[in-house]
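Remarks on the overall topology
What follows is each chain in one-letter form.
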Amino acid sequence: MVDAIRKTNLMETLMRNLKGGEIRLKSRPVGMPTEDNFEYAEGPVAEPKDGEVLVRNVWMSVDPYMRGRMVDRESYVPPFQIGQALQGHAVGQVIAAGKGAAFAEGDYIGHMLGWREYAVVGPAAMPMKVDPKIAPVQSFLGALGMPGMTAYAGLFRVGAFKDGETVFVSAASGAVGAVVCQLAKAHGAYVVGSAGSDEKCDWLVKEAGIDKAINYKKEKDLDAAVGAAFPKGIDVYFENVGGKHLEAALNHMKLRGRIAVCGMIEQYNATTLPAGPSNIILTIPKSLRIEGFVVSNHYDMLPQFYQEMSKLIAAGKMKWKESVVEGLHNAPKAFLGLFKGENFGKALVKIGPDKAV
Ligand code: NDP
């Protein structure tokens, strides 16, 4: 009892003096963002109310989709606001729980209040318990989290991939792409990926086990390289990049091929609309289906996704890389790196120590 009172007093004192840092959007980027579009600020940390928990963030994710939220326009998620902390997936440890909260002190949870050291997490932040015994907690921001789920839904549902088909994946060594490649391989596919360096391409072939990798930065003729890699054509193109990748894929799709449009990172920072694809007419004779998707509409597949991933991880057939940037201050740098191919695998920011309590 005395111990409990002491602990409560200690927590109250700690809470009164607790300050936390956060990264705010300072201005809306035009074209490629710069570090000047972001600012670091510190302030007092609020106490968790009933049903909320106070989380000390350990890891946060930077993702290409965040670029879209920096633009003031209506979309499937609201835009970030100038002067306010950015948001995104994070994993942290609960350090204090309000009355009736669903999580206890010491629990690790994933939630949507990244870009800050401390987060007061309620149901709106979509908290989910993560189990460090299953995998390192940061995996729930990558292969076992939103990017992995994107790969799964995009390949199997949107791409309607069937065992043994041929699959082309762009940004193949990234958080989403690497999972797509290995899911398809595990189902007997012939898989070719494209990536932006020889090191990434080597990893894709030697570690992720795909059939061929194309370094698109070195290829003078991407279309010819894709054609040579797919002598019998492509059944499913998992689109992460857009532009010349999409044109090349269209040229080499098989009859009734499917294109799962996951992302088009090549144009996220464009200030004018890019041309093309000039060969979109090929959708007619080839009877192609091109379908865009947003992962949040496919979370009903989560149980199958976890089942498949745990089987593959246990069999050593699902590997991934992580690019870790240390310190919340460096989160903007990690984000900007996504558009220069600086990340090799899931881009993460380590915000604090693994154990917060
Ligand atoms: P990645 O881990 O793949 O990181 C982004 C990578 O994209 C970079 O490392 C770089 O790799 C490549 N890239 C950057 N700029 C260009 C460019 N101009 N041309 C070609 N490649 C480029 O990111 P994610 O795996 O998190 O995301 C992959 C894609 O999936 C993105 O387009 C993202 O927006 C999309 N996405 C969509 C979701 C949805 O619900 N629809 C959900 C999650 C992600 P390289 O060195 O190979 O060039």
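Our subject in this report is the structure included herewith. It should be emphasised that the depicted structure is a prediction, and the values quoted were computed from it without experimental measurement.

Quick look at the site of the ligand now. The local shell around the ligand holds 27 residues, among which Lys200, Tyr216, Tyr268, Val295 and Asn343 are the closest. At a separation of 3.0 Å, an oxygen atom of the ligand approaches a polar backbone atom of Asn240. One nitrogen or oxygen atom from the side chain of Tyr268 is found 2.7 Å from an oxygen atom belonging to the ligand. With the chains in place, 93% of the 910 Å² that the ligand exposes on its own is no longer accessible. Of all the secondary-structure elements, those providing two or more residues to the shell around the ligand are helix 3 (146-158) and helix 4 (175-186). Partitioning the shell around the ligand into residue classes produces 17 nonpolar, eight polar and two charged.

Looking now at the nonpolar core. In terms of nonpolar packing, the biggest core is built from 51 residues, with Leu155, Val167 and Leu183 touching the most fellow members. Secondary structure elements with two or more residues in this core: strand 3 (53-61), helix 3, strand 8 (166-169), helix 4, strand 9 (190-195), helix 5 (198-206), strand 11 (234-239) and helix 8 (302-314). Sort the elements by how many residues they give to this core and helix 3 lands first, with eight residues. Each of domain 1 (2-142 + 321-350) and domain 2 (150-314) contributes no fewer than three residues to this core. Those residues in contact with Val167 that lie beyond four places of it in its chain are Leu155, Phe161, Ala184, Ala189, Tyr190, Val191, Val192, Phe230 and Val236. Leu25, Val62, Leu328 and Leu338 belong to the second largest nonpolar core, which has 21 residues in total.

As for its position among the elements, Lys200 is in helix 5. For Lys200, which is buried and forms no salt bridge, the nearest opposite charge comes from Glu199, at a distance of 7.8 Å. Filtering out sequence-adjacent residues up to four positions away, Lys200 remains in contact with Ser173, Ala195, Gly341, Asn343 and Phe344.

A word on the sheet that holds strand 10 (residues 212-215). On the basis of which strands lie adjacent, the open sheet formed by six strands has the order 10-9-8-11-12-13 and parallel pairing. The open sheet terminates on both sides in strands that have one partner only, identified here as strand 10 and strand 13 (289-292). Averaged over neighbouring strand pairs, the angle between their axes works out to 15 degrees when direction is ignored. Relative to strand 10, helix 5 is tilted by about 170 degrees, and along the sheet it contacts strand 9 and strand 10.

The next thing to look at is the pattern of salt bridges. Oppositely charged side chains can pair when the atoms bearing their charge come close. In this structure the tally under the stated criterion is 13 salt bridges. In this structure, Arg24 engages Glu22 in a salt bridge whose closest nitrogen and oxygen atoms are separated by 2.7 Å. When the shortest N-O distance is used, the salt bridge between Asp235 and Lys254 registers 3.2 Å. Of the two residues, Asp235 sits in strand 11 while Lys254 sits in strand 12 (residues 253-261), which places them 19 residues apart along the sequence. Here Asp235 falls in the buried class, since its relative accessible area comes to 9%. For Lys254, a relative accessible area of 27% translates into the label partly exposed.

The next subject is empty space enclosed by the protein. Where empty space is left in the structure can be found by rolling a water-sized probe over the atoms. This model, assessed by the stated rule, comprises one cavity of 30 Å³ or more. Here the largest cavity defines a volume of roughly 40 Å³. Taken together, Gly142, Ala143, Ser173, Gly174, Ala175, Ala178, Trp320, Lys321, Gly345 and Lys346 make up the lining of the largest cavity. Counted by class, the lining of the largest cavity contains four nonpolar, four polar and two charged residues. Both domain 1 (2-142 + 321-350) and domain 2 (150-314) contribute no fewer than three residues apiece to the lining of the largest cavity.

Before going further, it helps to spend a moment on the packing of helix 6 (residues 222-229) against helix 7 (residues 244-252). Helix 7 packs onto helix 6 with a crossing angle of 40 degrees between their chain directions and a minimal axis gap of 9 Å. The angle between helix 6 and helix 7 falls in the class oblique. When the axes of helix 6 and helix 7 are compared, the crossing they make is right-handed. In contact with Leu222, Asp223, Val226 and Gly227 of helix 6, helix 7 contributes Lys244, His245, Ala248, Asn251 and His252.

Criteria and thresholds
- Residues numbered from 1 in each chain as written.
- Predicted model: local features only at pLDDT ≥ 70, side-chain atom pairs only at ≥ 80, totals over all residues.
- Heavy atoms only, no water.
- Near = heavy atom within 4 Å.
- Polar contact = N/O pair within 3.5 Å; in protein donor to acceptor, adjacent residues only side chain to side chain.
- Areas by Shrake-Rupley, 256 points an atom, 1.4 Å probe, with all protein chains shown as cover.
- Helix = DSSP H or I, 4+ residues; strand = E, 2+ residues; numbered from the N terminus.
- Nonpolar A, V, L, I, M, F, W, Y, C, P; charged D, E, K, R; others polar.
- Core = buried A, V, L, I, M, F, W, Y, C linked by side-chain atoms within 4.5 Å.
- Buried < 20%, exposed > 50% of the residue type's maximum accessible area, 1.4 Å probe, protein only.
- Domains from an automatic or database assignment.
- Contact = heavy atoms within 4.5 Å.
- Lys, Arg positive; Asp, Glu negative; His and termini not counted.
- Salt bridge = Lys/Arg side-chain N within 4 Å of Asp/Glu carboxyl O.
- Pairing = 2+ DSSP bridges.
- Axes fitted to C-alpha atoms, helices over the stretch in contact; angles between N-to-C directions.
- 1 Å grid on protein atoms, 1.4 Å probe; cavity = no way out; pocket = protein on both sides within 12 Å on 5 of 7 lines; lining within 4 Å.
- Points joined across faces, edges and corners; volume = space filled by probe spheres on them.
- Parallel < 35°, antiparallel > 145°, perpendicular 65-115°, else oblique.
- Left-handed = near helix turned anticlockwise from the far one by under 90°.

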